[in-house]
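# What the coordinates show
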Amino acid sequence: MKMRSLLSLSIAGLLSAPVYATTVTGKVTDTAGQPVAGAEVKIEGSRRVAYTDVNGVYRFDDVKQPHIHLHVYSSNYIHGDNDLGDVNADQNVDFILQPASVENIVVTANALQSSVLESVTPVTVIGAEKLRKIEAPTLGETLKNAPGVHSTYFGPVSSSPVIRGNDGPRVKIVQNGLDVSDVSRVGPDHNVATTLSSATQVEVLRGPATLQYGSGAIGGVVNVVDKRIPQYQVDGVEGEAETSYSTVNDGSYTRADVTGGSGNIVWHVDGFYRDTDNADIPGFASIEPDEDEPNGELESSAMETRNIVAGLSYVAEEGYFGFAVEQLDNEYGVPGHSHGHEEEHDEDEHDELDGDHDEDDHDHEEEGVLLDVDMTRYQAAGEWHSPFEGLTNLKFAAAYTDYEHAEIEDGEPGTVFTNESSDIRLSAYHEEVNGWHGVFGLQFNHSDYNAVGEEAFTPANTTSSYALYVVEQKKVGDVTFELGGRLERTTLDAEASEVELDVLHEEHDEHEDEEHEGEEHDEEHEDEEHEEHAVAFNFPDYDFTSLSLSAGANWEYQEGHSIAVTLSRSERAPSQQELFSAGQHLATQSYEVGLVFDMDEEGHIEEDLRSVNEEVSTNLDITFRKFTGSWGYSASFFYNQADDYIFQSSTGLLALSEHEHEEEHDELEEEHSDEEGTPVYYFQQADADIWGFEAETYVDLTDTLRLTVFGDYIRAEVEDDNLPRTPPMRFGSELSYVNNGLSADVGFTWYDDQDKVASFETSTDGYTLVNASVQYEFGSQGIDWVVFARAENLTDEEARVHTSFLKDQAPLPGRNFTMGVRALF
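Residues numbered from 1 in each chain as written. Predicted model: local features only at pLDDT ≥ 70, side-chain atom pairs only at ≥ 80, totals over all residues. Heavy atoms only, no water.

## Observations regarding the nonpolar core
If you look at the biggest cluster of nonpolar residues, it comprises 31 residues, and the most contacted ones within it are Leu 298, Tyr 332, Tyr 403, Tyr 449, Tyr 767, Leu 769 and Leu 812. Looking at this core, the elements with two or more residues in it are β22 (319–333), β23 (369–385), β26 (436–452) and β42 (767–780). Looking at this core, the element that brings in the most residues is β23, giving 4 residues. Each residue touching Leu 812, except ones within four places of it in the same chain, is listed here: Glu 141, Lys 144, Tyr 153, Ile 281, Pro 282, Tyr 767, Leu 769, Ala 799 and Val 801. Ranked by size, the runner-up nonpolar core spans 28 residues in total, among them Leu 501, Val 593, Leu 595 and Val 612. (Core = buried A, V, L, I, M, F, W, Y, C linked by side-chain atoms within 4.5 Å. Buried < 20%, exposed > 50% of the residue type's maximum accessible area, 1.4 Å probe, protein only. Helix = DSSP H or I, 4+ residues; strand = E, 2+ residues; numbered from the N terminus. Contact = heavy atoms within 4.5 Å.)

## Digging into the pattern of salt bridges
Inspection of the entire model under this criterion finds 28 salt bridges. The partner of Glu 694 in a salt bridge is Arg 206, with the nearest N and O atoms 2.8 Å apart. Separated by 488 residues along the polypeptide, Glu 694 in strand β37 (residues 678–700) and Arg 206 in strand β14 (residues 199–206) bring together distant segments of the chain. Here Glu 694 falls in the buried class, since its relative accessible area comes to 3%. Note on Arg 206: relative accessible area 6%, which makes it buried. (Salt bridge = Lys/Arg side-chain N within 4 Å of Asp/Glu carboxyl O.)

## A short note on empty space enclosed by the protein
Per the stated rule, a full pass over the model turns up 12 cavities of 30 Å³ or more. In this structure, the largest cavity encloses a volume near 720 Å³. Taken together, 42 residues line the largest cavity, and the ones lying closest to its centre are Lys 172, Asp 179, Ser 447, Thr 463 and Ser 575. Those elements that place two or more of their residues in the lining of the largest cavity are β12 (171–175), β13 (178–179), β25 (412–433), β26, β27 (461–476), β28 (479–494) and α8 (576–580). A per-class count over the lining of the largest cavity returns 13 nonpolar, 19 polar and 10 charged. A volume near 530 Å³ is recorded for the second largest cavity. Around the second largest cavity, the lining is made up of 32 residues, and of these Asp 167, Gly 168, Gln 648, Arg 725 and Phe 805 lie nearest the centre. Of all elements in the fold, only α8 and β36 (631–655) reach the threshold of two or more residues within the lining of the second largest cavity. Take the lining of the second largest cavity: its biggest share by element is 4 residues, from β36. The residue inventory of the lining of the second largest cavity, partitioned by class, reads 13 nonpolar, 13 polar and 6 charged. (1 Å grid on protein atoms, 1.4 Å probe; cavity = no way out; pocket = protein on both sides within 12 Å on 5 of 7 lines; lining within 4 Å. Points joined across faces, edges and corners; volume = space filled by probe spheres on them. Nonpolar A, V, L, I, M, F, W, Y, C, P; charged D, E, K, R; others polar.)

## Considering the sheet that holds strand β9 (residues 123–127)
The 5 strands are arranged β9-β14-β15-β12-β13 in an open sheet whose pairing can be described as mixed. This sheet does not close on itself; its edge strands, each paired only once, are β9 and β13. With 5 bridges connecting them, β12 and strand β15 (residues 220–226) associate as parallel partners. In the strand pairing of β15, Ile 173 is matched with Val 222. (Pairing = 2+ DSSP bridges.)

## Focus: the sheet that holds strand β6 (residues 80–86)
Here 4 strands make up an open sheet; going across it, the order is β3-β2-β5-β6 and the pairing antiparallel. Pairing within the sheet leaves two strands with one partner each, and these edge strands are β3 (49–51) and β6. In this sheet, neighbouring strand axes are inclined to one another by 15° on average, regardless of whether the strands run parallel or antiparallel. Bridge analysis of strand β2 (residues 40–43) against strand β5 (residues 67–73) gives 4 bridges, and the strand direction is antiparallel. Following the sheet pairing, Ile 43 is matched in β5 by Leu 70. (Axes fitted to C-alpha atoms, helices over the stretch in contact; angles between N-to-C directions.)

## Examining the packing of aromatic side chains
Enumeration over the complete set of coordinates arrives at 20 aromatic pairs. Relative to Phe 693, the ring of Phe 637 has its centre 6.1 Å away and its plane inclined at 35°; by these criteria the two rings are tilted. Within this pair, whereas Phe 637 is found in strand β36, its partner Phe 693 is found in strand β37, the two being separated by 56 residues in sequence. Taking relative accessible area as the criterion, Phe 637 reaches 44% and is therefore assigned partly exposed. Among the aromatic residues, those joined into a cluster by ring pairs are Phe 537, Phe 539, Tyr 542, Phe 580 and Phe 597. Seen from the ring of Tyr 253, Arg 274 lies directly overhead, with NZ or CZ sitting 4.2 Å from the centre. (Phe/Tyr/Trp six-rings, centres within 6.5 Å; stacked < 30°, edge-to-face > 60°. Lys NZ or Arg CZ within 6 Å of the ring centre and 35° of its normal.)

## A word on the pairing of β36
The pairing of strand β35 (residues 615–626) with β36 spans 11 bridges and is antiparallel. Counted as the bridge partner of Ile 622 is Phe 637 from β36. Count of turn residues in the β35/β36 antiparallel hairpin: 4 residues, of which Gly 629 carries a positive phi of about 90°.

## A few points about the side chain of Glu 407
One can find Glu 407 in strand β24 (residues 391–409). Judged by its relative accessible area of 4%, Glu 407 falls in the buried class. Contact partners of Glu 407, with chain neighbours within four places excluded, come to Asp 189, His 190, Leu 370, Leu 371, Glu 412, Pro 413, Gly 414, Thr 415, Phe 417, Glu 455 and Leu 586.

## Looking at a nonpolar patch on the surface
Judged by side-chain polarity, Val 237, Ile 265, Trp 267, Val 269, Ile 308, Leu 312 and Phe 825 come together as a nonpolar surface patch covering roughly 620 Å² of accessible area. Contributing elements (two or more residues each) for the nonpolar patch: β18 (265–276) and β21 (303–316). With 3 residues, β18 is the largest single contributor of residues to the nonpolar patch. With respect to the helices and strands, Leu 312 occurs in strand β21. (Patch = residues over 30% accessible without salt bridge, like charges linked within 9 Å, V, L, I, M, F, W, Y side chains within 5 Å. Areas by Shrake-Rupley, 256 points an atom, 1.4 Å probe, with all protein chains shown as cover.)

Read these as spatial facts, not as claims about activity.
Shown next as structure tokens:
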């Protein structure tokens with residue numbers, strides 16, 4: 001008890017430094033003179049927050065800092081601020097806020113935390129209310145309707161966001177600004193470990209964001225913001241709970257989120273449980289189904305997830321410090337493999353397995369491939385306002401993640417992937433110097449990755465990076481200028497490994513008729529068609545120094561109208577997968593060969609490793625916005641020229657696993673022998689050009705009706721070819737209604753055919769999805785209740801996602817109805 005008291009006194013002494021005692025009060029109104037209720041008023045450099053009452057009045061008592069800079073935020077209005085400077089007397093400060101036609105939310109992922117409408121770079125922020133309406137089991141499917149954002153869709157159990165055609169190691173996924181540190185960047189079958197059940201907002205930064213987040217953010221950033229580490233004082237207890245049911249997969253979902261506090265101590269607990277069966281689909285999963293493939297069901301698409309988070313903070317007026325722990329357990333199937341895997345077993349073994357299943361034990365989960373995820377994450381964060389002369393704020397954030405998942409085939413443990421990662425960030429905000437204010441910081445990241453098992457297609461390796469960054473901003477009249485830079489050092493160290501590539505040329509099937517003329521001819525045929533290579537490699541340390549620079553401006557040339565222009569040059573170090581891959585990748589049904597290996601057109605790998613360059617991207621963004629009045633729009637045009645762009649290209653070769661090689665050698669008479677093998681994909685570097693646009697416009701037809709229209713288009717070329725899995729052109733619209741607690745919407749999204757494909761890639765037919773939702777809010781005994789229903793893919797259309805590795809094996813789910821209830825207290 002004495003130690004706890006000493007700790008509290010130490011933190012309080014560090015964060016508290018009373019100087020003055022001033023009262024600040026005022027009134028917030030709109031341009032028509034009507035009070036703005038519920039507006040959030042903050043004192044910069046303090047944890048003090050006040051909310052306006054029904055009359056628009058706010059009040060701060062006993063303000064202890066000499067320099068007072070007030071900020072006012074309301075989602076329906078443009079941000080207001082007033083820098084009073086140094087004061088030593090009571091103040092009365094009124095604000096008149098300009099209405100905004102879009103929800104204006106502060107972007108915490110930006111270094112200077114500007115609002116959506118003030119941001120120099122293109123950004124989309126999905127607030128808590130909308131997030132609850134569109135939340136899906138995976139991050140990619142939740143965000144896929146945001147302009148410029150698509151999904152890798154690996155069935156309903158796993159997906160990551162695709163931003164402007166970029167995914168994997170080019171899109172950084174962060175939780176409260178810190179790397180989620182899972183292995184979702186390694187393969188699309190690995191689901192993003194961050195959860196949305198208690199998220200207050202999700203921020204999508206489109207285009208390079210390497211200044212704050214490093215090499216992995218050259219294509220964009222997704223930041224999931226939640227309250228796991230409370231940052232403001234709470235008196236009493238507040239929270240919400242929800243339960244829902246989905247028809248398409250017999251899915252149940254239950255979650256709770258509670259925050260409470262007393263004085264300087266604030267605590268938070270949240271958790272959820274999701275359980276689904278295989279998803280229903282219109283027709284067969286495969287484009288060319290086998291005779292025994294089930295109709296109307298996507299095999300191995302069930303999931304069961306448990307997650308709990310607990311956090312505790314000490315919050316004073318001059319800062320806070322908090323700590324949180326998260327435990328995630330997630331078991332889900334890998335679509336596209338269960339059916340094919342069954343074929344490898346003889347009928348007796350298959351019948352024996354079927355006989356062991358109990359219908360009440362999710363028997364479908366025992367077939368095919370399962371991923372069993374276990375993750376523990378520790379996170380700390382703190383903020384100290386006005387710590388030293390010249391600094392207005394000092395921020396600290398750190399996370400340690402222990403991630404593991406096992407691939408289980410027919411109940412037997414297979415490959416185990418582990419990743420232990422640390423991410424530490426320290427940021428210092430300085431006082432205004434000649435009109436410039438900004439932040440400089442340090443970041444350290446270290447990951448220790450390992451995979452053990454037959455599907456371990458990369459050797460054990462470690463990645464460490466150290467970075468120094470700075471972002472500065474200055475407002476001159478109606479123009480806000482922003483400059484920034486980042487210097488980063490990345491080191492990758494991989495263990496020695498042996499690469500064995502057994503190549504089967506695709507012309508193999510031309511000799512199929514000659515395979516049955518005797519054992520001697522079989523051996524001769526095998527020698528002609530197969531090239532077996534087993535080469536041992538000792539990898540040197542790979543060191544990269546990346547320099548990224550950015551310059552931009554946001555000009556509000558007319559009230560409520562602005563143009564933002566950003567020019568950036570970003571450098572990216574290759575990821576461990578891009579460098580060292582050398583083996584069968586079960587998820588993508590391919591054999592991957594990394595950048596460091598020198599492989600010729602015949603599939604022969606040289607003993608000497610080849611040199612690797614950093615990827616250098618020059619990006620131009622132009623964004624037009626109108627955000628006042630009864631209608632508005634946001635339209636962004638971008639062009640990205642990349643030198644030494646890293647991509648996977650098909651070689652036209654097939655690789656045989658040891659099992660497949662033995663099958664063909666011993667059972668050449670079986671019909672399926674010519675179909676065995678997986679395509680060989682080789683990581684290469686070449687210059688690329690990526691350009692396109694994304695746009696969204698909205699008009700208020702009446703006080704209760706709003707029409708929204710959006711669209712995006714991306715072209716991506718490398719050398720004389722198209723980049724694979726480029727999203728198709730897309731167009732959508734939604735009509736929404738809000739009145740007296742009742743809200744409803746109906747909309748559609750049309751996807752064009754994608755025939756601009758890469759070599760050895762097939763085209764994908766377009767489709768149209770129709771969705772609708774309705775909800776009703778009412779209060780009872782101090783609790784706000786929300787009853788809701790959603791409908792997805794109302795026309796039950798077969799839809800195959802071109803950005804998915806499984807587009808030919810796993811369509812989107814069929815018609816789905818979700819019903820639920822939510823309580824807020």
